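Here's the letter readout for the chains.
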Amino acid sequence: AKGLAHYKSLILTEGQVLVGTGFWNDKKKAREGEIRTWDLKTGKLGKALLGHTQDVEGLALSKDGKLLASASEDQTVKIWDVSTGENKQTIKGHGDFVTNAAFSPDGKHLVTTSKDKTLRIWDIAGAKEIAQFKVDREVEVKDAKGKVTKQKELGREFTNAVFTKEVKELKAHEGIWALALSPDGTKLATGGYDQTIRLWSVPDFKELRTIKAHLANVTAVSFSPDGQWLVSG
């Protein structure tokens, strides 16, 4: 028997929807991560991709549609062959849940975000970390005598990232959980804790519209390959 978790991430491909989730395996007495697949035309459930030992938090598709990356609570990212379902690579290094992943335009690198408060860039072929980013912040600490000193600590957890050539800081939602760049690179979709989806133009990053459709946090957004549709969770 399977006890399903929440659907935490999704990808829309040419012919199917892939969703990241997890379940309790009664036989193994352990939790497993799962990528569920549905046929878009028939709605029929397809073959699941299994391999993670905890829930799948984030999914990403390479630009050519051949590779799928899955980020998991088991602190790893797995690279899958979309056509065969084969697990081609497992990337390890984060010290907490990996919340999301995204491919570079050339498909050679991956960016990952984590609850360990780091953002990392990986060489996919070698599963090697090539860069790491973190945000420090100053906090005031009071000792037993009441003396206040300033100390540096890591900032907030990273929840999502995408590769783009533009450098810009946006004040979007009160807490962003989902990001998606359209296939032609002209639009950015964001989802957040305020239960809305927002569309932005690229490269000027002007807000195009706000979509109110959900009654809770928006945790996943994905454009269709032709850029005409947006799917959200």
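**With respect to the overall build of the protein chain**
Here's step 1: Secondary structure summary: the protein chain contains 0 helices and 21 strands in total.
Here's step 2: By the compact-globule yardstick of 17 Å for 233 residues, the protein chain fits well, its C-alpha radius of gyration being 19 Å.
Here's step 3: In terms of overall dimensions, the protein chain has C-alpha extents of about 65 × 50 × 40 Å along its principal axes.
Here's step 4: Considering only residue pairs separated by 6 or more positions, the protein chain has 35% of its internal contacts joining residues 24 or more positions apart.
Here's step 5: Taken as a whole, the protein chain presents about 13400 Å² of accessible surface, with 51% of it coming from carbon and sulfur.
Here's step 6: Between the centroid of the 36 positive side chains of the protein chain and the centroid of its 31 negative side chains there is a distance of 1 Å.

**Some details on the sheet that holds strand β6 (residues 56-61)**
Strands in a sheet are paired, the pairing made by backbone hydrogen bonds, and the direction either parallel or antiparallel.
Here's step 1: Strand order in the open sheet formed by 4 strands is β6-β7-β8-β9, with antiparallel pairing between adjacent strands. Here the strands that pair on one side only, and so sit at the sheet edges, are β6 and β9 (87-92). Averaged over all pairs of adjacent strands, the angle between strand axes in this sheet comes to 20 degrees, irrespective of strand direction.
Here's step 2: One ladder, built from 5 bridges, connects β6 with strand β7 (residues 67-72); its direction is antiparallel. Considered in β7, the bridge of L59 is made with S70.

**Some words on the nonpolar core**
Here's step 1: Counting residues in hydrophobic clusters, the biggest one holds 12 residues: A60, A69, A71, V77, I79, I91, V98, A101, F103, L110, W122 and I124.
Here's step 2: Those elements that provide at least two residues to this core are β7, β8 (76-81) and β10 (98-103).
Here's step 3: The leading source of residues in this core is β10, at 3 residues.
Here's step 4: In contact with W122, not counting residues within four places along its chain, are I91, K92, G93, H94, K108, H109, L110, T112, A127, K128, E129 and I130.

Thresholds applied
Residues numbered from 1 in each chain as written. Predicted model: local features only at pLDDT ≥ 70, side-chain atom pairs only at ≥ 80, totals over all residues. Heavy atoms only, no water. Helix = DSSP H or I, 4+ residues; strand = E, 2+ residues; numbered from the N terminus. Rg over C-alpha atoms; globule rule 2.2 N^0.38 Å. Contact = heavy atoms within 4.5 Å. Areas by Shrake-Rupley, 256 points an atom, 1.4 Å probe, with all protein chains shown as cover. Lys, Arg positive; Asp, Glu negative; His and termini not counted. Charge placed at Lys NZ, Arg CZ, Asp CG, Glu CD. Pairing = 2+ DSSP bridges. Axes fitted to C-alpha atoms, helices over the stretch in contact; angles between N-to-C directions. Core = buried A, V, L, I, M, F, W, Y, C linked by side-chain atoms within 4.5 Å. Buried < 20%, exposed > 50% of the residue type's maximum accessible area, 1.4 Å probe, protein only.

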